[in-house]
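What follows is the residue order along each chain.
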Amino acid sequence: MRINMERNRERIDTEQVTPEQVTPEQLTAEQPSGGFWSDSLRRLGGNHLVLTAAGILVLLVAVAVLAPLIAPYDPAYQSLADSLQGPSRGHLLGTDEFGRDILSRIVYGTRISLSVGLISQAIACCIGVFMGALAGYYGGLTDTFISRTIEIFSAFPELLFAIGIMFVLGPGVINVFIALGLLSWTHYARLIRGQVMQLRETEYTQACIVCGGSDARVILRHLLPNCFSIIIVLVTLGIPGAILTEASLSYIGLGVQPPTASWGQMISTAQQYISFYPYYSVAPGLAIIVTVLSFNIFGDGLRDAIDPRLRR
Amino acid sequence: MAAYIFKRLAQTIIVLWGVSFVTFILMNVVPGDPVLLMMEKRATPEAIARIRHEMGLDKPLYTQYFNFVKGALRFDLGRSYFTKEAVMTALTRRFGVTLRLASSAYVIALVLGISAGVVSALQRGRAFDSAVRGGAVIGISAPVFWVAIILQLIFGLRLKWFPISGIRSPHSFVLPAVALGIRYMASIARVTRTSMLEVIHQDYIRTARSKGLGERAVVLGHALKNALIPIITLAGTELGNLLAGSMLTEWVFAIPGIGKMMVDSILMRDLPMLQGTVLYVAAIFVLSNLVVDISYAFIDPRIRYSKED
């Protein structure tokens, strides 16, 4: 694939006009905006699907933040007399086995899913960028050691690894953050390592090294800022995976524990009542799909806008 | 070529060793004494000490690890705390079930995924293409266990076409295989579409057309053949994921495969069983990646030559 890309680029190059023929006016006419970020944003803004996904994400964040205002009931309020009732005007999505309002529990579940996505990826990002930068910058033995560690960590299928860590740590939200962070740092490390290796050879980096810049300065001031766009794309595309894994963990009973409302765990309970009360299973599942779908679409759009080469 | 295979084999051995190490560490930092877990509360200290000695748990950790690796190399992964069955026997027995489920799901995913991807690429921008792209991104975003439950609800409970649990008839594999396959079908369709679109405007496709080849020969013989590389990579890595992902599906449909065995051993805190299963699944995952990498080099000479340099 790499070779195909090179070939295409050559073809484009030969078709382009030589630099001498281009006047500054022409350049600005062809590229109305300058700057990497404004260009990316412009490309992103042109895609309606991606914008819709972004809108839904903003809405979801608002729901999570304003949960107490939006939820019609207290998510923990039990009323056994009203248990397992279908959708009605009082309870738009019905009630669960303890008579709790399902809509309110889904609204509060947004908090769990979004925070799991964001915090786990923040943890993964910190570990991965650190390890990747070390491996890419120093090379040699450091690189070999870190690369093998990455390989060993990626040798476990993701869910299996998450289950193993949760088994050791015990259930709970904080442990889910840690487990999912440990699970996905390798994605970051791998890409950052490659990127840093390439950037290390650039003239401005070499110049900084020659001028006596310390390793920390070179890495923090020159290399990592140039990896920023990749990191943003990775975080956006990492979140939906983390949300799905959290749902799976909570579904098996190793993740978020009751009475905290989590979508995966709601589906797990709802499964017992599926034959006579299907609404209960459908609603949290749709919530997961909408959230993960929006992140996936937004992430893909962001990747294509920022750097299409990241497409795997 | 031989050098490349040798290098990959050596890497795989290192990774497998690392996997055994990580698995062992994970299982040994689990809180709670396994002996106390399996014994009655009233057991005498002498009895506990005896069991501990029998299971080799009184030895230092490095000896335990050494014995674990030595056993694993001879396909001996210890015995279950509860059923006393040898872990390896249980694994082989249940692996057959998981393999049947996973391979059915795999076939569904490959056949439907690749066909959908190819047609979608050929019909770029039309209704079918949009449907495939939309369906694929939804398929990737839906939790496997939820899809399984919904399939149970519609085709098992409402329409009563298929049984919703167990493995009594070949019939009962249909819903689990579809539930498991959907996700992989979606990702394979996506990659096939992208890869086909990259290839289809190449010069050699135009050449093939201009020398009068039929559309069928152009698409299958020239375009798809060259678009296969990323699809094979994905199909290979997905094979391992599929085996591991069958865990949730098996749990939902009460299918006695490796996945269900793993969840069961977690709930019962059966450490040797869990340790063995994790090692087993991880080993399969690593080996299937190895096979993919090597077959890669066979298919694409560019990889072979660049690796030999």
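Residues numbered from 1 in each chain as written. Chains lettered and ligands numbered in written order. Predicted model: local features only at pLDDT ≥ 70, side-chain atom pairs only at ≥ 80, totals over all residues. Heavy atoms only, no water.

Glancing now at the overall build of chain B. Across its full length, chain B carries 13 helices and zero strands. Reading the helices (α) and strands (β) of chain B from amino to carboxyl end gives α-α-α-α-α-α-α-α-α-α-α-α-α. Overall, chain B is about 85 × 60 × 30 Å in size when its C-alpha atoms are taken along their principal axes. A total of 309 residues make up chain B; the buried ones form 49% of that total. (Helix = DSSP H or I, 4+ residues; strand = E, 2+ residues; numbered from the N terminus. Buried < 20%, exposed > 50% of the residue type's maximum accessible area, 1.4 Å probe, protein only.)

All names here are of chain B. By the element assignment, H171 lies in the loop between α7 (144-158) and α8 (174-200). Spatially, the C-alpha atom of H171 lies 9.1 Å from that of W161, the residues being 10 residues apart in sequence. Leave out the neighbours within four places in its chain, and H171 touches W161, F162 and P163. (Contact = heavy atoms within 4.5 Å.)

Moving on to a nonpolar patch on the surface. Residues and elements named next belong to chain A. Taken together, the side chains of V61, V65, L66, L69 and I70 make up a nonpolar region of the molecular surface, amounting to roughly 480 Å² of accessible area. Elements that contribute at least two residues to the nonpolar patch include exactly α4 (48-65) and α5 (67-70). Note that V61 resides in helix α4. (Patch = residues over 30% accessible without salt bridge, like charges linked within 9 Å, V, L, I, M, F, W, Y side chains within 5 Å. Areas by Shrake-Rupley, 256 points an atom, 1.4 Å probe, with all protein chains shown as cover. Salt bridge = Lys/Arg side-chain N within 4 Å of Asp/Glu carboxyl O.)

This part is about the packing of helix α6 (residues 102-138) of chain A against helix α9 (residues 173-200) of chain A. All names here are of chain A. One way to put it is that α6 packs onto α9 with a least axis distance of 4 Å and a crossing angle of 35 degrees. Handedness of the crossing formed by α6 with α9: right-handed. Within the contact of α6 with α9, the residues separate by chemical class into 24 nonpolar, eight polar and two charged. (Axes fitted to C-alpha atoms, helices over the stretch in contact; angles between N-to-C directions. Left-handed = near helix turned anticlockwise from the far one by under 90°. Nonpolar A, V, L, I, M, F, W, Y, C, P; charged D, E, K, R; others polar.)

Here the focus is the confidence of the model for chain A. Residue and element names in this part refer to chain A. Per-residue confidence for chain A averages 82 on the pLDDT scale, and 88% of its residues sit at or above 70. Per-residue pLDDT, averaged within each element of chain A, yields its smallest value for helix α1 (residues 2-15) (38) and its largest for α6 (93). Here residues 1-30 is a poorly scored stretch, pLDDT under 50, and it has 13 contacts once near neighbours within four places are set aside; other chains count. (pLDDT = per-residue confidence, 0-100.)

On to the pattern of salt bridges, then. Within this structure, the stated rule accounts for 11 salt bridges over all chains. The closest approach of N and O atoms between D96 of chain A and R105 of chain A, which form a salt bridge, is 3.8 Å. For D96 of chain A, a relative accessible area of 0% corresponds to the buried category. According to the relative accessible area criterion, R105 of chain A is buried, its value standing at 2%. Here D304 of chain A ties to R303 of chain A by a salt bridge, and the two come within 3.4 Å at their closest N and O atoms. A cluster of three or more residues bridged by salt bridges with shared partners is formed by D300, R303 and D304 of chain A together with R190 of chain B.

Right, let's talk about the interface of chain B and chain A for a bit. With 52 residues of chain B in contact, the opposing surface of chain A contributes 44 residues. Here R190 of chain B and D300 of chain A are joined by a salt bridge, their closest N and O atoms 3.0 Å apart. Top contributing element to the side of chain B that touches chain A by residue count: helix α1 (residues 2-28) of chain B, with nine residues. The residue makeup of the side of chain B that touches chain A, split by class, is 36 nonpolar, nine polar and seven charged.

It is worth spelling out unusual backbone geometry at this point. Note the cis peptide between P258 of chain A and P259 of chain A, where omega equals 10 degrees. Of note, K160 of chain B is a non-glycine position whose phi angle comes to about 55 degrees, a positive value. Counting through the fold element by element, K160 of chain B comes out in the loop between α7 and α8. The exposure class assigned to K160 of chain B is exposed, which follows from its relative accessible area of 63%. Despite not being glycine, A254 of chain B has its phi angle at roughly 50 degrees, a positive value. Overall, the relative accessible area of 37% leaves A254 of chain B in the partly exposed class.

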